[in-house]
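# Structure assessment
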Amino acid sequence: MKLAVTGTPGTGKTSATEHLEDEYDVIHLNERIKDDESLWIEQDEERGGSLVADLDAIAAELGDWSGILESHLAHYFDADDVVVLRATPEQIETRLLDRGESEATARENAESEALDVILTEAVEEHGEDHVYEIDTSDRTPEEVAAEIERVVEGDREPSAGEVDFMEYL
């Protein structure tokens, strides 16, 4: 099984997938990128020093991976199915500010969420029949993990396009 868990920063990917680590192999891709200089190209100083990932190097590093791949980049890689975590843009903005991100970064990510950027990319890359949206806005990380597990077990239907945050704009 190859399950990509993706979403805009601040949707709860890491928090939810941490609850699945006892049962599944979970790859926290952002941590790997931070720990391995061969997986990124440069630091984007305009975005607070964010690392610019080398997708080809990451794909080579992952090889024929299996389990759960967690990152806002996970949908760019080979996967059987993709879970896109969603949250209200207001929550994303608050969560990112609480993490110490700049107001510009928090706003950019909130707008990205309202515009369905990652959902659209996931559908384009993997097809609507392989994408599952989970709105994390009013759910605990444990509840989100249970929904991800339902996808793994085949107990949930694909659901791309059910969440709408356009009113934010």
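Read on for a plain summary of the structure. Here the structure is a predicted model, which is why all the values come from computation and not from measurement.

### A look at a nonpolar patch on the surface
Together, L115, V117, M166 and L169 make up a nonpolar patch on the protein surface, roughly 350 Å² of accessible area in all. Here V117 lies in helix α6 (residues 117–126). Given the relative accessible area of 31%, V117 is considered partly exposed.

### Considerations on the pattern of salt bridges
Across all of its chains, the model carries eight salt bridges by this definition. We note a salt bridge from K2 to D64, for which the minimum N-O separation is 3.0 Å. A residue pair is termed long-range when its members are at least 10 positions apart, and K2 in strand β1 (residues 2–7) and D64 in the loop between α3 (55–62) and β5 (67–70) qualify at 62 residues. Judged by relative accessible area, which is 70%, D64 ranks as exposed. Between R156 and E147 there is a salt bridge whose closest N-O contact spans 2.7 Å. The exposure class assigned to E147 is buried, which follows from its relative accessible area of 14%. Each of R86, E113, D116 and E133 takes part in a single network of salt bridges with overlapping partners.

### A short note on the sheet that holds β5
Spatially, β2-β5-β1-β6-β7 is the arrangement adopted by the five strands of the open sheet, whose pairing is parallel. Among the strands making up the open sheet, the edge pair consists of β2 (26–28) and β7 (131–135). Sheet twist, expressed as the average angle between the axes of neighbouring strands with direction ignored, equals 20°. Where strand β6 (residues 81–86) meets β7, five bridges bridge the pair, whose relative direction is parallel. Residue pairing for β7: R86 is matched across the bridge by D135.

### With respect to helix α7 (residues 141–152)
If you check α7, its first and last C-alpha atoms are 16 Å apart, about what twelve residues at 1.5 Å a residue would give, namely 16 Å. Along α7, the positions that sit buried rather than exposed are V144, A145, E147, I148, E149 and V151. The elements touched by buried residues of α7 are β1, α1 (13–18), β6 and β7. One or two steps after α7, the chain reaches G154, where phi turns positive at roughly 80°.

### Structural notes on the environment of R139
Turning to its location among the elements, R139 is positioned in the loop between β7 and α7. Filtering out sequence-adjacent residues up to four positions away, R139 remains in contact with I134, V144 and E147. A polar atom in the side chain of R139 sits 3.5 Å from the backbone oxygen of D135.

Cut-offs and rules
- Residues numbered from 1 in each chain as written.
- Predicted model: local features only at pLDDT ≥ 70, side-chain atom pairs only at ≥ 80, totals over all residues.
- Heavy atoms only, no water.
- Patch = residues over 30% accessible without salt bridge, like charges linked within 9 Å, V, L, I, M, F, W, Y side chains within 5 Å.
- Areas by Shrake-Rupley, 256 points an atom, 1.4 Å probe, with all protein chains shown as cover.
- Salt bridge = Lys/Arg side-chain N within 4 Å of Asp/Glu carboxyl O.
- Helix = DSSP H or I, 4+ residues; strand = E, 2+ residues; numbered from the N terminus.
- Buried < 20%, exposed > 50% of the residue type's maximum accessible area, 1.4 Å probe, protein only.
- Pairing = 2+ DSSP bridges.
- Axes fitted to C-alpha atoms, helices over the stretch in contact; angles between N-to-C directions.
- Expected span 1.5 Å × (residues − 1).
- Contact = heavy atoms within 4.5 Å.
- Polar contact = N/O pair within 3.5 Å; in protein donor to acceptor, adjacent residues only side chain to side chain.

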